[in-house]
Amino acid sequence: MPAVASALPGVLAAGLDMPLEWVVGLGLALFAVGLLGVTCRRNILIMLLSIEIMLNAANVVLVGFSRVHSELSGQVFVFFSMTVAAAEVAVGLAIVIALFRLRQSTDVDDANELRDVDYGPVPALMLEGQDQHHDDHDHDEHGHGGHGHGDHGHGDDSDPSHDPGTAAPVGAAGEA
């Protein structure tokens, strides 16, 4: 290990620590690669990956400064940053999958065209399980359909289900 320490000035003999300049240089290089990927590529997946590289570059620098100052606050912030990055990847991939199903492409130009598409009028909403023929007749407060309060369905020839020769309809039994 002494050969490594003499070859790399500023690095401890154990090889566990790096000078802060190297950490910042690594973070700067990672950020530049991510920025280059976002600006030069047209594939949404590559752009999402490049944004993650940029976030990790910032995390590397935060951990480096946290190590130099012997505080855990930078490392705790990196933990929260990684949690937000994981949520961002989940939402971003869901959007990319939806875009791919709609356009069969992951090109950014196809995503820009989404705002220009007219899908026509929105159809009217229908409640599930709604009875379409239920509103064809009136109801009184007792739940009897189509009859007034006084006659209770007796002697009404307009109702084909109520024939004097048949049994009384359901709900009319015991109402005479």
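Residues numbered from 1 in each chain as written. Predicted model: local features only at pLDDT ≥ 70, side-chain atom pairs only at ≥ 80, totals over all residues. Heavy atoms only, no water.

Caption draft 1: The overall build of the protein chain, seen in detail. Looking only at helices and strands, the protein chain features 5 helices and 0 strands. Each helix and strand of the protein chain, placed in order from N terminus to C terminus, yields the pattern α-α-α-α-α. Counting the 176 residues in the protein chain, one finds 19% classified as buried. Pairs at least 24 apart in sequence give 37% of the contacts found in the protein chain among residues at least 6 apart. Carbon together with sulfur atoms contributes 66% to the accessible area of the protein chain, which is approximately 13200 Å² in total. (Helix = DSSP H or I, 4+ residues; strand = E, 2+ residues; numbered from the N terminus. Buried < 20%, exposed > 50% of the residue type's maximum accessible area, 1.4 Å probe, protein only. Contact = heavy atoms within 4.5 Å. Areas by Shrake-Rupley, 256 points an atom, 1.4 Å probe, with all protein chains shown as cover.)

Caption draft 2: How the structure looks around the packing of aromatic side chains. What the rule picks out here adds up to 1 aromatic pair. Between the aromatic rings of Phe-79 and Phe-80, the centroid separation amounts to 5.7 Å while the plane-to-plane angle is 65°, which identifies the pairing as edge-to-face. Note on Phe-79: relative accessible area 54%, which makes it exposed. (Phe/Tyr/Trp six-rings, centres within 6.5 Å; stacked < 30°, edge-to-face > 60°.)

Caption draft 3: Spatial organisation of unusual backbone geometry. Even without a glycine there, the phi angle at Ser-70 is positive, about 55°. Within the element layout of this structure, Ser-70 appears in the loop between helix 3 (44–68) and helix 4 (73–103). On the basis of relative accessible area, Ser-70 is assigned to the exposed category, the value being 67%.

Caption draft 4: Structural detail: the confidence of the model for the protein chain. For the protein chain, the average pLDDT comes to 74, and 60% of its residues sit at 70 or higher. Helix 1 (residues 2–7) is the least confidently modelled element of the protein chain, averaging 49 in pLDDT, while helix 2 (residues 20–40) averages 94, the highest of any element. Below pLDDT 50 for its whole length, residues 8–15 participates in 11 contacts with residues either more than four positions away or in separate chains. (pLDDT = per-residue confidence, 0-100.)

Caption draft 5: Representation of helix 3 within the structure. Between its first and last C-alpha, helix 3 extends 37 Å over 25 residues, near the 36 Å set by a 1.5 Å rise per residue. Within the sequence span of helix 3, burial applies to Ile-44, Met-47, Leu-48, Ser-50, Glu-52, Met-54, Ala-57, Asn-59, Gly-64 and Ser-66. Where helix 3 starts, the residue carrying a side-chain oxygen 3.0 Å from the main-chain nitrogen of Leu-45 turns out to be Asn-43. (Expected span 1.5 Å × (residues − 1). Polar contact = N/O pair within 3.5 Å; in protein donor to acceptor, adjacent residues only side chain to side chain.)

Caption draft 6: Representation of a nonpolar patch on the surface in the model. Nonpolar side chains collect at one region of the surface, where Leu-72, Val-76, Phe-79 and Phe-80 lie side by side and expose about 440 Å² of accessible area between them. Here Leu-72 shows up in the loop between helix 3 and helix 4. A relative accessible area of 60% means that Leu-72 is categorised as exposed. (Patch = residues over 30% accessible without salt bridge, like charges linked within 9 Å, V, L, I, M, F, W, Y side chains within 5 Å. Salt bridge = Lys/Arg side-chain N within 4 Å of Asp/Glu carboxyl O.)

Caption draft 7: Inspection of the nonpolar core at higher detail. Counting 5 residues, the largest nonpolar core is built from Ile-44, Met-47, Val-96, Leu-99 and Val-108. Every element with two or more residues in this core is listed here: helix 3 and helix 4. Excluding residues that lie within four positions of it along the chain, Val-96 makes contacts with Ile-44, Leu-45 and Thr-106. (Core = buried A, V, L, I, M, F, W, Y, C linked by side-chain atoms within 4.5 Å.)

Caption draft 8: Highlighting the side chain of Thr-106. Position of Thr-106 relative to the elements: it lies in the loop between helix 4 and helix 5 (108–112). Given a relative accessible area of 18%, Thr-106 falls into the buried group. Side-chain polar atoms of Thr-106 contact the side chain of Asn-43, separated by 3.0 Å. Every residue in contact with Thr-106, bar those within four places of it in the chain, is listed here: Arg-42, Asn-43, Ile-44, Val-96 and Phe-100.

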